[in-house]
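What the coordinates show
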Amino acid sequence: MAVDLDNTLVRGNTLHIYIIEGMRRATLPRRLAMLWLLLLRRLRLISHVTMKFGCLRRIDHDDPALQSAFARRIRFMLSKAVQERIGDYDGDVLLATAAADVYVSLIWDGPYLATPTFHNPRREEMRGQAKADAVLSYAQENRLRLDTVLTDHVDDLPLLSIPSIRPVLVNPTDKTLDALPPIPGLEILRDGANT
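For the structure given in this document, a descriptive report is provided here.

Calculation criteria
- Residues numbered from 1 in each chain as written.
- Predicted model: local features only at pLDDT ≥ 70, side-chain atom pairs only at ≥ 80, totals over all residues.
- Heavy atoms only, no water.
- Helix = DSSP H or I, 4+ residues; strand = E, 2+ residues; numbered from the N terminus.
- Rg over C-alpha atoms; globule rule 2.2 N^0.38 Å.
- Buried < 20%, exposed > 50% of the residue type's maximum accessible area, 1.4 Å probe, protein only.
- Contact = heavy atoms within 4.5 Å.
- Areas by Shrake-Rupley, 256 points an atom, 1.4 Å probe, with all protein chains shown as cover.
- Lys, Arg positive; Asp, Glu negative; His and termini not counted.
- Charge placed at Lys NZ, Arg CZ, Asp CG, Glu CD.
- Phe/Tyr/Trp six-rings, centres within 6.5 Å; stacked < 30°, edge-to-face > 60°.
- Pairing = 2+ DSSP bridges.
- Axes fitted to C-alpha atoms, helices over the stretch in contact; angles between N-to-C directions.
- Left-handed = near helix turned anticlockwise from the far one by under 90°.
- Nonpolar A, V, L, I, M, F, W, Y, C, P; charged D, E, K, R; others polar.
- Expected span 1.5 Å × (residues − 1).
- Patch = residues over 30% accessible without salt bridge, like charges linked within 9 Å, V, L, I, M, F, W, Y side chains within 5 Å.
- Salt bridge = Lys/Arg side-chain N within 4 Å of Asp/Glu carboxyl O.

This brings us to the overall build of the protein. Regarding its fold elements, the protein presents nine helices and seven strands. Relative to a compact globule of 195 residues, whose C-alpha radius of gyration would be 16 Å, the protein shows 17 Å and is just as compact. Seen through its principal axes, the protein has C-alpha atoms that stretch 50 × 35 × 35 Å. Looking at the protein residue by residue over its 195 residues, the buried ones come to 48%. Across the protein, every contact between residues at least 6 apart in sequence was considered, and the portion connecting residues at least 24 apart equals 57%. Counting only carbon and sulfur atoms, one obtains 53% of the accessible surface of the protein, whose full area is about 10700 Å². Once the 25 positive and 24 negative side-chain charges of the protein are each reduced to a mean point, those two points are 8 Å apart.

Quick look at the packing of aromatic side chains now. Enumeration according to the criterion identifies three aromatic pairs in this entry. Ring centres of Tyr 18 and Phe 70 lie 5.1 Å apart, and the angle between their planes is 85°; this geometry places the pair in the edge-to-face category. Taken together, the positions of Tyr 18 in helix 1 (residues 14–25) and Phe 70 in helix 4 (residues 64–75) put the pair 52 residues apart, joining distant regions of the chain. Exposure remark for Phe 70: the relative accessible area of 0% places this residue in the buried category. Ring centres of Tyr 18 and Tyr 103 lie 4.7 Å apart, and the angle between their planes is 35°; on these two criteria the pair is classed as tilted. In this pair, Tyr 18 sits in helix 1 while Tyr 103 sits in helix 6 (residues 101–104), placing the two residues 85 residues apart along the sequence. Considered together, Tyr 18 and Tyr 103 belong to a single accessibility category, that of buried residues. Aromatic ring contacts, followed pair by pair, group Tyr 18, Phe 70 and Tyr 103 into a single cluster.

To continue, consider the pairing of strand 4 (residues 148–151). Side chains Thr 148 and Leu 150 project from strand 4 onto one buried face, and the interleaved Val 149 and Thr 151 project onto a second face that is buried too. Inspection of the sheet shows strand 4 paired to strand 5 (residues 166–170) by four bridges, in the parallel sense. In the sheet register, Val 149 faces strand 5, and the bridge partner there is Pro 167.

Our next topic: the packing of helix 1 against helix 3 (residues 48–56). Running from N to C, helix 1 and helix 3 cross one another at 35°; their axes reach a closest spacing of 10 Å. For the element pair helix 1 and helix 3, the recorded crossing hand is left-handed. Contacts between helix 1 and helix 3 involve Leu 15, Tyr 18 and Ile 19 on the former and, on the latter, His 48, Met 51, Lys 52, Cys 55 and Leu 56. Of the residues in the contact of helix 1 with helix 3, the class split is six nonpolar, one polar and one charged.

To continue, consider helix 2 (residues 28–42). For helix 2, spanning 15 residues, the distance from its first C-alpha to its last is 21 Å, which sits close to the expected 21 Å at 1.5 Å a residue. Backbone geometry just after helix 2 places Arg 44 at a positive phi near 60°.

As a further point, take a nonpolar patch on the surface. A contiguous nonpolar surface patch, about 450 Å² in accessible area, is contributed by Trp 36, Leu 39, Leu 43 and Leu 45. Topologically, Leu 39 is positioned in helix 2.

This next bit is on helix 3. Listed as buried for helix 3 are Met 51, Lys 52, Phe 53, Gly 54, Cys 55 and Leu 56. Against helix 1, helix 2, strand 2 (94–100), helix 6 and strand 3 (112–115) lie the buried residues of helix 3.

This part is about unusual backbone geometry. Unusually for a residue other than glycine, Asn 7 sits at a positive phi of about 60°. One can find Asn 7 in the loop between strand 1 (2–3) and helix 1. For Asn 171, which is not glycine, the phi dihedral falls at a positive 45°. A relative accessible area of 28% places Asn 171 in the partly exposed class.

The structure is reproduced here in structure tokens:
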């Protein structure tokens, strides 16, 4: 089973939370630089990737107070429906996310694929076809068979469209549902109820 992180396992955006916690502990110049990047992104003058990597570069990832505060906040944002689905699953579960790898291990104990924060000169994110390819490679290298995908977003269409998997869309918005082509066997999972 491959599970997405933001708005799937976690009801919210983990990057935003990590940046907020990082800003709280940053020096004033770093905090101002991150605020500037966030403003530029809000005005759509820079890309999401530029904002993401620019902010991550200014956070002290080794700060235990940051790590603890971030993990504590995320614990209260976990999707009960997704946690139950993972708990009921009889097999290996891989977290596959575009989130930054520097914080994924703070909130997930199992194997994961995430966007490399460092040693990523082209700032490539783990999303779309790259994510699907990485998940399939992980499965092949570990002699596993991908049979279920849980995600909330149309970015994961390459994963949702893999033949012979069980595609599960978690709390999809109307915009997401409108953007998706017909996917055979698609299940909608909502917190509190399956539909």
